[in-house]
Structures are given as C-alpha cells and as structure tokens.
Amino acid sequence: MLSIKNLKASVEGKEILKGLNLEVNAGEVHAIMGPNGSGKSTLASVLTGKEAYDVTGGQALFEGKDLLDLSPEDRAREGVFLAFQYPVEIPGVSNINFLKTALNEIRAYKGLPNLEAKEFLKLLKEKQKLLEFDAALANRSLNEGFSGGEKKRNEIFQLAMLDPKLAILDETDSGLDIDALRIVSRGVNKLRNGKNSFIIITHYQRLLEYIVPDFVHVLYKGQIVKSGTKELALELEEKGYDWLKEDSHETEAAEILLPR
Amino acid sequence: MEHRTTQINSTLYDQCIADYEVRSPLFAAEAPEVVAARAQAIEQFKQLGFPSTKVEDWKYTNLVPVLKENFELEQDAEVLTVAEALLAQAKIDLLDCYRIVLVNGKYRADLSEVPAVEGLFLSSLSDAADRPAFKQHFGKYIDLSKFHFAAANTALFRNGLFIDVKRNTVVEKPLHLIHVATAGAPTYFQPRQLFVVGTSASISVIESYVTDGAPVFVNNVAEIVVQENAQMQHFYIQAGDANARYVHHTEVYQQANSQYNNYKASFPGTSLWRNNMNIALDGENVESHLYGLYLAGGHQLVDNHTIVDHRKPHCNSNELYKGVMKDESAGVFNGKIFVRKDAQKTNAFQQNNNMLLGKKAVVDSKPQLEIFADDVKCSHGSTMGQFNPEALFYLKSRGIGDEKARALLVHAFAYDVTEKIPIPEVQSHINALIDQGLK
C-alpha cells in the first residue's frame, strides 16, 4: 500500500529524514518509535504534504501513485489520513459542516455524488456511537475549547467518518490520561478491518499495549535503524534508545572506514 | 480662500450651487421645515464643499478621481422602466417580506408591494409633507457643519422615502427596500429617507442596492428616529458594479428604552462605499448594536465611519466590524465612541478585525474613545491578520480543496457577525454573497 524508498527531507535547509525506507501492506499496523528529534513527526508531515518540508530525495508510493506529487487535499482524497499531534482550533467552522464538506470533497474526487443529508446524519450517529463520541462535541466549532483529550478523540472521530486506507497517528497518546488513552485505542481497534493500515508514531510503548502493532520500527537520526515485532517496543521501553544509538554510531563509523 | 485646500474644485460643486439657485423659487411649495433645512444646508455646503483628503475624516478616501469623471447632477426624474431581472439580483430567497422599490431614490409604488398594515404609513418624501412625524423629525439630527455630503443632500435632494410606524404598531413581516441606481450619462443622485419608529413600535427593514452598470455617484442620506421603547432591526446589503460609487449617511436618533440593531454587509463590485453611520443614544436604557462585514475585492475602497454618541446614563452599545480584503482593495474603519458627562453607567464596546487576503490589500483602522463620564465600561480594539496556515493545512489534510478551505476560513472569520443576523433567510443570503464574493 505504502512504499517509502530512501526518503530524504529537510526543513529550513536542515536535513531531517536521511534516507528512510518503509513498506506498509494493507491491513498492517506499524509503530514508529524513536527519541525526540529523530524525524517521526517530519515523516508524518512529509507524507501528508505540509508546506514547510522539502523533499530532497527518494520516493513514497501510495498504491502505486507518487504521493509526494499530490497536493495535501489529493493525498487525503486518495485515502491518507493524519491524526494530528496538535489539532488546530478553528472557531466559526462547525465540526459537522467541516466533516460534511470533507466527505463530499472526497466523494467528488471519486466521482460520487454528495451524500444526502439523511445518509450523512446516519453515518454521523453510527460513528459517534461506535467511538462513544459525545454528540455535543460534534455540534461545536472545530476543536474550539476542546480539552487535549477531546481533541485527540475528535481526530479519531474524523478518522472514522472519512474511513481512509492509511491512517497516520502522530503521537496521539501524548497528553492523554489513561482513560482517554483507553477510549482512543478502543476506537482505533474498532476501526481496524483487515484492509486499512495504520502508522502509529509514538514515544511510548504504553499505547502499543492497547493498539497492538504488527511491526515496530525505530527511527533514529532520520533513518529506520531497527525493525521488529511488538517485542521490540518492550525492549525499547526497558533499555531506552541508547543501545541503538551506539549501534548506529558504529554503523556510521564503519561506513566511513569502508574503502570505496 | 484659506479653506480651499480642504475642498475639491469640481464642476459638480458648481452644478450643485447653480441647482439651488434655479430651484429655490420652487421650494416654496414644500413644507416650511424642508425649506428652512435646505436654506441652512446650502450655506453649510458652500462652506464645506466636497472634502479633500486634507479633511481628517476623508484622509484615506480620495474623491478627486470620482469628481473628475464629470458627473451630472440629477434632474427631474422621468419614470424609468426597470428590468425585473435587475430587481431579482437583490431577491432574498424564501424570505416573506414586502418589496419596496426605489429607483434613483424615487419611490415606485408600481413596482412595490404596499404593506397593508394598520399603523404603518409609507410614501414618497414629497407626499409626507403634512404628516406630523415628518414635520417633527425631518432634518433635525445631522450636524451639517461636519458632514459635507449630508449638507449637499439636505440642500438639494429630490426624491425619497418616508416610513412612519405608529405607536404600538408591530410590523411582522420585514420591509425589503431595493435601491436601484441607473442612468444614461454619468449622474450624481441624492436620495433621502426618513424612518420614524413610534413609541413601542417595532419593524425590520432590509435595504439592498443594485446597479445596472451605469456610471452613478449616489449620495444617500437616511434619518432614523427610534422613539421610546421602540425596536428596529436594520439591514444593509451593499452590492453593485464598478461604475457605481456611494456615499451613504445614516443618522440614528434613539430615545429611552429603545433598541436599534444595524447589520451591514458590503461586497466586491462598487468602486467606492463610504458609509457614515451615526447613532445618538439620547435616553436612558438604550441599546444599540452595530455589526458590519465588509468583503472587498478588485480596486474597491470601502470606508466605514461610525459615531456612537452616549448622551444619557445606563445605555449599552456594541460595535463589531469585520473586514476581509482581497486583491488590491482598500478598507477604512474609523469608529468613534463618545461618552458624555451625563452618560454614567455606560457600556460601550467596539471591535474591528481585518483579514488581509490580497498581498496589496490595505486597511486603515482607527478606533477612538472619548469619555467624559467617570463610571463607565468601554473598550475598543483593532486587529489585522491573514489566513492561519496551520488551519488551512488542517482543512486540506481532510480532503478539502484550497478554494473551499479558504472559503470555510473566511466564513469562520465572519461568523461572529453573520451568526448575529436574526433573520435566517437574510443570514443565508449573506453567506451566499460571501461565497460569490470570494470567487
């Protein structure tokens, strides 16, 4: 579904991603972990087309299409979704109007007619119920005055409504208390259907107890330095990242010493 | 003469002076109140002339290019035919209202639905001369020594509309006034209105503006009296094409316990909108709300000058003007609040927020407070901003295209004003005009 090859990206001239490779197949859950500044959020931003980032090399194919060539809105319409680490508050845009506009824009891209008001409401209710999402929140202005937890839940609610093929969760667990974390994770688990894929970006293994990944990758200095299964996350939790840093230094040193 | 630098020399000025000389023998047939007002006003106008940018209140609005275009002063109006399609431009979908049509200021009963409401009287200004409310209020409230165009209008107006809402009369359906401006050659018009909302009466008046591409310069004056315990909801929907220029003066005089709410929205098209909106709160427990939304585009200049004059204690006023500036448009906001010595326990708030979308768009914003009482709550503020790139990216990341995302953010910005519009059909109409204006 998603095939990232040797991806390099920089922000304000500083290279953050330094040749990243990742393969995500339909139905898989991948966790990306790594210390601060390793490039986790940059990866999410580059994949969704945030302006401040320059792609300087490599490629990212999404279902065979060059994702990096598409506008942010077309990436979303193709089925890529980002649950933001810091969702934006937009007073004056109602959550519902926003969702209806987004859904219809995606449908128009696929050549489908606008959703009838009745069908839209039905879908809204169904997803609200599925995610235990408060109807009062759905009726408010987009994220305006929401608590940190409510914002994150709203991201997952949008995810449910838009039903993307690939969802990238950027530190969705940050700032959540244990109850909110449970609710959010339960929501994500309910949305898994064997066809859609998830990339879960996180600092902590805690989230992965609730959303169990098929693969865990460690991102360090803009590259994936180690991949494994969910046990890797536990190992990281126990040992921290330092042992990987040492490994990585060795690799770098080895590369330099290699005769060309 | 020393005052010449504050005036613009123009043939239009000379035409105005000459017109007064020619017509003054005919004025004798008018109500004595009108004759006296005209005589006083022409003297004021002779002193003031058309203002140059040396006049503080006209600092950012240069009329020289407009006056260079050699507008001819309006003459006795013939009855013009007006295409229904032109009137349809102002139509507000689904709104149940009385349609009142004014062509170049002239009330056209033949195109209007005359409301058959007990206690509501509506006629041309010239047919109102004998009405007590007309005699009592005509020309009483504007300080002509400060308002150049109001002086010219008072001296020389030809056509106008009079609305008298009698004591205790509640007009259920809104009146929708459609002002049509049309002419063969470039013409300067000076329409006038007087609305008197009697004690404990209530009315909603929506005023829309349409033009047909003719070069027109309209100097409109509206006098509005809201008597004790009366209520008025007043809407201005200002649109037109680039050949149209408007200087529009609204003078509101409020008595005790009355409420006056004004909702003004202007859209791209007309080259110039200069609005003077003055409100005098001349009784206790008066409430006034001024909501303004200006969406400007092209080379349009939209200039809103407001004065809120708190004269008596225990009154509340709230003013919120929001501007969205596209292309190379220019905006001016000048809001004055006066709180006079007697006006203790005043609450007066004013806010002007602007969103600049065009790289060459400009806004000059000047909030002013002058407070002579010591027990009041007043505030004012002004902001300038642009699209929030984070918000734009957030919307796009959900599949919403650039144009729609920007429109959503403009609606969101305007929402503080649009949500206040109490008639849902008018609200939808204005939201649709925002969408249209953004294209």
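Everything below is about the structure shown above.
The rules we used
Residues numbered from 1 in each chain as written. Chains lettered and ligands numbered in written order. Predicted model: local features only at pLDDT ≥ 70, side-chain atom pairs only at ≥ 80, totals over all residues. Heavy atoms only, no water. Helix = DSSP H or I, 4+ residues; strand = E, 2+ residues; numbered from the N terminus. Rg over C-alpha atoms; globule rule 2.2 N^0.38 Å. Buried < 20%, exposed > 50% of the residue type's maximum accessible area, 1.4 Å probe, protein only. Areas by Shrake-Rupley, 256 points an atom, 1.4 Å probe, with all protein chains shown as cover. Lys, Arg positive; Asp, Glu negative; His and termini not counted. Charge placed at Lys NZ, Arg CZ, Asp CG, Glu CD. Salt bridge = Lys/Arg side-chain N within 4 Å of Asp/Glu carboxyl O. Polar contact = N/O pair within 3.5 Å; in protein donor to acceptor, adjacent residues only side chain to side chain. Contact = heavy atoms within 4.5 Å. Pairing = 2+ DSSP bridges. Axes fitted to C-alpha atoms, helices over the stretch in contact; angles between N-to-C directions. Phe/Tyr/Trp six-rings, centres within 6.5 Å; stacked < 30°, edge-to-face > 60°. Lys NZ or Arg CZ within 6 Å of the ring centre and 35° of its normal. Parallel < 35°, antiparallel > 145°, perpendicular 65-115°, else oblique. Left-handed = near helix turned anticlockwise from the far one by under 90°. Nonpolar A, V, L, I, M, F, W, Y, C, P; charged D, E, K, R; others polar. Buried area = accessible area lost by both parts, 1.4 Å probe.

Once that is clear, we can look at the overall build of chain A. Within chain A one finds 10 helices and 12 strands. Relative to the 2.2 N^0.38 estimate, which gives 18 Å for 260 residues, the radius of gyration of chain A is 19 Å and therefore close to what a compact globule would have. By principal-axis analysis of the C-alpha atoms, chain A measures approximately 70 × 40 × 35 Å. Considering chain A as a whole, with its 260 residues, one finds that 52% of them fall into the buried category. A total accessible area of about 12,200 Å² is found for chain A, and carbon and sulfur atoms account for 49% of it. Side chains of chain A give 34 positive and 40 negative charges; the mean places of these two sets differ by 5 Å.

Within this structure, the stated rule accounts for 39 salt bridges over all chains. Across the salt bridge formed by K404 of chain B and E105 of chain A, the nearest N and O atoms sit 3.1 Å from each other. Residue K404 of chain B is found in helix α8 (residues 402-418), and its partner E105 of chain A is found in helix α3 (residues 95-109); the two belong to separate chains. Owing to a relative accessible area of 12%, E105 of chain A belongs among the buried residues under this scheme. For K239 of chain A, the salt bridge goes to E235 of chain A, with nearest N and O atoms at 3.2 Å. One end of the pair is K239 of chain A and the other is E235 of chain A, both in helix α9 (residues 230-239) and 4 residues apart, which spans about a single turn. One continuous salt-bridge network, built from bridges that share partners, spans D282, D309, R311, K312 and R340 of chain B.

Residue and element names in this part refer to chain A. Relative to the helices and strands, D170 is located in strand β9 (residues 166-170). Despite its burial, D170 pairs with no opposite charge, the nearest such side chain being K40 at 7.3 Å. Engagement of the side chain of D170 in a polar contact is seen with the side chain of S41, the distance being 3.1 Å. Once residues lying within four places of it in the same chain are set aside, the contact partners of D170 are S41, A44, L82, A83, F84, Q85 and I201.

Residues and elements named next belong to chain B. Pairing within the open sheet is mixed, and its 10 strands lie in the order β3-β2-β6-β9-β11-β13-β15-β17-β19-β21. Sheet topology places β3 (106-108) and β21 (377-385) at the edges, where each strand pairs with a single neighbour. Geometrically, the sheet is characterised by an average inter-axis angle of 15° between neighbouring strands, direction not taken into account. Here 8 bridges tie strand β13 (residues 259-266) to strand β15 (residues 287-296), and the two strands are oriented parallel to one another. Note on β15: the bridge partner recorded for S266 is Y294. Sheet contacts for α8: β15, β17 (316-325) and β19 (347-356); angle to β17, the most-contacted strand, approximately 160°.

All names here are of chain B. Here the structure, examined in full by the defined rule, presents 25 aromatic pairs over all chains. Joined through ring pairs, the aromatic side chains of Y13, F45, F50, W58, F71, F149, Y188 and F217 make up one cluster. If you follow R131 out to its NZ or CZ, it ends over the ring of F121, 3.5 Å from the centre. The positively charged end of R274 is found above the aromatic ring belonging to W58, 3.8 Å away from the centroid.

A word on the packing of helix α7 (residues 389-396) of chain B against α8 of chain B. All names here are of chain B. Put simply, α7 and α8 touch, their axes get as near as 9 Å, and they point 125° apart. Taken together, α7 and α8 sit at an angle that is classed as oblique. For the pair α7 and α8, the crossing hand works out as right-handed. For the pair α7 and α8, the contacting residues are A391, L392, L395 and K396 in the first and D402, A405, R406, L408 and L409 in the second. Its residues placed into classes, the contact of α7 with α8 shows 6 nonpolar, no polar and 3 charged.

Residues and elements named next belong to chain B. Within β17, 8 of the 10 residues are buried, which leaves it mostly tucked inside the rest of the structure. Direction of pairing for β15 relative to β17: parallel, over a ladder of 10 bridges. Across the sheet, residue Y291 finds its bridge partner in β17, namely L320. Of the strand pairs in this sheet, β17 and β19 are connected by 10 bridges, and their pairing is parallel. Residue pairing in the sheet places V324 in a bridge with M355 of β19.

Turning next to α7 of chain B. All names here are of chain B. Burial within α7 is extensive, with 6 of its 8 residues counted as buried. Looking only at α7, the buried set comprises A391, L392, F393, Y394, L395 and K396. Backbone nitrogen of E390 and a side-chain oxygen of the N-cap are separated by 2.9 Å at the start of α7; the cap is N388.

All names here are of chain A. The mixed open sheet is built from 6 strands, whose spatial order is β6-β9-β10-β3-β11-β12. Only two strands of the sheet have a single partner each, and these edge strands are β6 (80-83) and β12 (223-228). Averaged over all pairs of adjacent strands, the angle between their axes in this sheet comes to 20°, without regard to strand direction. Bridging between β6 and β9 involves 4 bridges; their strand directions are parallel. Looking at the pairing, F81 lines up with A167 of β9. Across the sheet, helix α1 (residues 40-48) is in contact with β3 (29-33), β6, β9, β10 (197-202) and β11 (215-220); its angle to β9 comes to roughly 145°.

All names here are of chain A. Mapping N193 onto the fold places it in the loop between α7 (178-191) and β10. For N193, a relative accessible area of 44% puts it in the partly exposed group. Considered as a pair, N193 and G27 are 166 residues apart in the sequence and their alpha carbons are 7.1 Å apart. Within the local environment of N193, its side chain forms a polar contact with the backbone nitrogen of N196, the two atoms lying 3.0 Å apart.

Tallying the contact residues gives 18 residues for chain B and 29 residues for chain A. The junction of chain B with chain A conceals about 1,900 Å² of combined surface from both sides, 68% of it contributed by carbon and sulfur atoms. Among the residues chain B hides against chain A, the three largest losses belong to F393, Y394 and R398 of chain B. Together they make up 41% of the total. Linking chain B with chain A are 3 salt bridges. Of all the secondary-structure elements, those providing two or more residues to the side of chain B that touches chain A are α7 and α8 of chain B. Of the residues contributing to the side of chain B that touches chain A, the split by class is 9 nonpolar, 4 polar and 5 charged.

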